[in-house]
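These are the residues of each chain, in order.
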Amino acid sequence: MNEPLVLGIETSCDETGVGLVRGQTLLVDAVASSVEEHARFGGVVPEVASRAHLEAMVPTIERACTEAGVRLSDVDAVAVTSGPGLAGALLVGVAAAKALAVALDRPIYGVNHLAAHVAVDVVEHGPLPEPTMGLLVSGGHSNLLLLPDVTHDIRSLGATIDDAAGEAFDKVARLLGLPFPGGPHIDRAAREGGQVVIDFPRGLTSGRDLERHRFDYSFSGLKTAVARWVQARRDSGEPVPVADVAASFQEAVVDVLTRKAVMACREHGVEDLLIGGGVAANTRLRSLAQERCDAAGIRLRVPRPGLCTDNGAMVAALGAEMVLKGRDASRLDLPADSSQPVSQVSA
Ligand code: KG4
Ligand code: ZN
């Protein structure tokens, strides 16, 4: 098949994403988010997310087709996030994708959300070098991935042993009285006047930790250190310098993320690093990664911020790569797997 047209559906968390990719070209990326419905709870409420997906699904598919100027009958294959993610939210996307695949009589590809976060960069920066090193940082995950082939061979070198990077951003934001999701607010506060003045801990970077957890991350100690620091300020009646705390916390996170990513590239002889997931939208992570990759002679790829957070284009992009590489489609009874391991690219 030449230049397959793939429709991708993403519903693993609070974004209903529908993307259309032809070959390696992005035609449209339509996203409907329920984030505002969750904000007052300070986190995503699964039941609310599922209901929002159900309501947004058909209108978002219609919007995607209209904007791209294609009919559903033009679609060659349907791709959908089968996991990992919120079980009920995933079910809505998987059920919708199955309905489309049956109605259109087209193959269905149930794909891994984390692999899709990496594969999306194909539509922005072209084919992925093989191997590529992936640093995947989102609200639910922080992984270092060796990617000989994003369509079927992904090896996890390390992951967070407690909080995910995005989760840490969200929790620290809450502590500072910033809205949910906190990542973009910390990013902005740090940019607008934050000085890196507080020396917060860098998790799993001591000599012994590097032996046992070479490519793993840990952010819960950092979160606790920030909480203690802020509380001490409040107890002594002094104002909390929000921008400074935000900048110092952010620096501690991105320092460890980039340090271990560059180390992994060096030790595995990989010359290309790709950063994906919602936290890859972070301004400081992007600039420090660029600095360190330049110094180490590593080529860096980071999708534009809109493609880093959850979207349907990433699922369509991975689906199209699977079609182009002749990978098997999934069975029509494919499950939604809320804890699908990162090494399992397709369902
Ligand atoms: O990939 P994503 O949209 O959803 C998951 O798969 O989890 O990532 C969402 C996470 C949230 O924790 C959010 O706070 C974080 O990405 N995030 C950021 C930024 N934009 C989003 N974190 C730091 N800086 C940002 N600019
Ligand atoms: Zn994600």
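Residues numbered from 1 in each chain as written. Chains lettered and ligands numbered in written order. Predicted model: local features only at pLDDT ≥ 70, side-chain atom pairs only at ≥ 80, totals over all residues. Heavy atoms only, no water.

1. Let's talk about the domain arrangement of the protein chain
Under the convention used in this document: Domain ranges listed in this record stem from an automatic or a database domain assignment. Contacts are residue-level and defined by heavy atoms, with any inter-residue pair within 4.5 Å sufficient. Buried area: the accessible area, evaluated with a 1.4 Å probe, that two parts lose upon being put together, summed over both parts. By definition, a salt bridge exists where a carboxyl oxygen of Asp or Glu is found within 4 Å of a side-chain nitrogen of Lys or Arg.
Per the domain assignment, the segments of the protein chain are domain 1 (5-120 + 311-324) and domain 2 (128-305). A straight line from the C-alpha centre of domain 1 to that of domain 2 covers 27 Å. Residue-level contacts link 18 residues of domain 1 with 16 residues of domain 2. For the pair domain 1 and domain 2, the two sides together bury roughly 1,300 Å², of which 79% comes from carbon and sulfur. Considering only the side of domain 1, the residues that lose the most area to domain 2 are Leu114, His117 and Val118, jointly responsible for 43% of the buried surface there. Taken together, the connections running from domain 1 to domain 2 amount to zero salt bridges.

2. Concerning the side chain of Thr60
For clarity, the cut-off: By definition, any uninterrupted DSSP run of H or I lasting at least four residues is a helix, any uninterrupted run of E lasting at least two residues is a strand, and each is numbered from the N terminus. Partly exposed residues are those whose accessible area sits between 20% and 50% of the maximum for their type, while under 20% is buried and over 50% is exposed, using a 1.4 Å probe and protein chains only.
Within the secondary structure, Thr60 sits in helix α2 (residues 46-68). Overall, the relative accessible area of 2% leaves Thr60 in the buried class. What Thr60 contacts, discounting residues up to four positions off in sequence, is Thr16, Val18, Ala30, Val31 and Ala32.

3. A word on the layout of surface pockets
Rules: Lining residues are those with an atom within 4 Å of a point, where the points come from a 1 Å grid over the protein atoms alone and group into cavities, where a 1.4 Å probe fits but cannot get out, or pockets, open sets with protein on both sides within 12 Å along at least five of seven lines. Grid points are joined across faces, edges and corners, and a volume is the space filled by probe spheres set on the points. Throughout, the ten residues Ala, Val, Leu, Ile, Met, Phe, Trp, Tyr, Cys and Pro are labelled nonpolar, Asp, Glu, Lys and Arg are labelled charged, and all others, Gly among them, are labelled polar.
Space inside the largest pocket adds up to approximately 1,100 Å³. If you go around the largest pocket, you meet 38 residues; those closest to its centre are Cys13, Ser138, Gly139, Asp170 and Pro181. Per-element tally for the lining of the largest pocket: the top contributor is helix α6 (residues 165-175), with six residues. Split by residue class, the lining of the largest pocket holds twelve nonpolar, 17 polar and nine charged. Both domains that meet at the lining of the largest pocket, namely domain 1 (5-120 + 311-324) and domain 2 (128-305), each give it at least three residues.

4. Some thoughts on the site of ligand 1
Keep this limit in mind: Throughout, near means a residue has at least one heavy atom within 4 Å of the molecule or strand. Think of a polar contact as two N or O atoms within 3.5 Å of one another; within protein, one of them needs to be a possible hydrogen donor and the other a possible acceptor, and neighboring residues in sequence only count if both atoms come from side chains. The Shrake-Rupley method, run with a 1.4 Å probe sphere, supplies the accessible areas, and residue values consider only the shown protein chains as cover. Here the criterion for a molecule occupying a pocket or cavity is that more than half of its atoms lie within 2 Å of the pocket grid points.
Taken together, 20 residues lie near ligand 1, and Gly139, Asp170, Asp187, Gly278 and Asn282 sit nearest. At 2.8 Å from an oxygen atom of ligand 1 is found a main-chain nitrogen or oxygen belonging to Gly139. A distance of 3.0 Å separates an oxygen atom of ligand 1 from a polar backbone atom of Gly183. Here ligand 1 loses 89% of its free accessible area of 560 Å² to cover by the protein chains. Structurally, ligand 1 is housed in the largest pocket. When contributions to the shell around ligand 1 are tallied by element, the ones reaching two or more residues are α4 (113-119), α6 and α7 (183-191). Grouping the amino acids of the shell around ligand 1 by side-chain chemistry returns six nonpolar, eleven polar and three charged.

5. Here we look at the packing of aromatic side chains
What counts here: Classification of ring pairs rests on two measures: the distance between centres of Phe, Tyr or Trp rings, Trp counted by its six-membered ring, which must be within 6.5 Å, and the angle between planes, read as stacked under 30 degrees, edge-to-face over 60 and tilted in between.
Under the defined criterion, the tally for this structure stands at two aromatic pairs. Measuring from centroid to centroid gives 6.0 Å for Tyr217 and Phe219, while their planes differ by 15°, and the two rings are stacked. Residue Phe219 is classed as buried on the basis of its relative accessible area of 2%.

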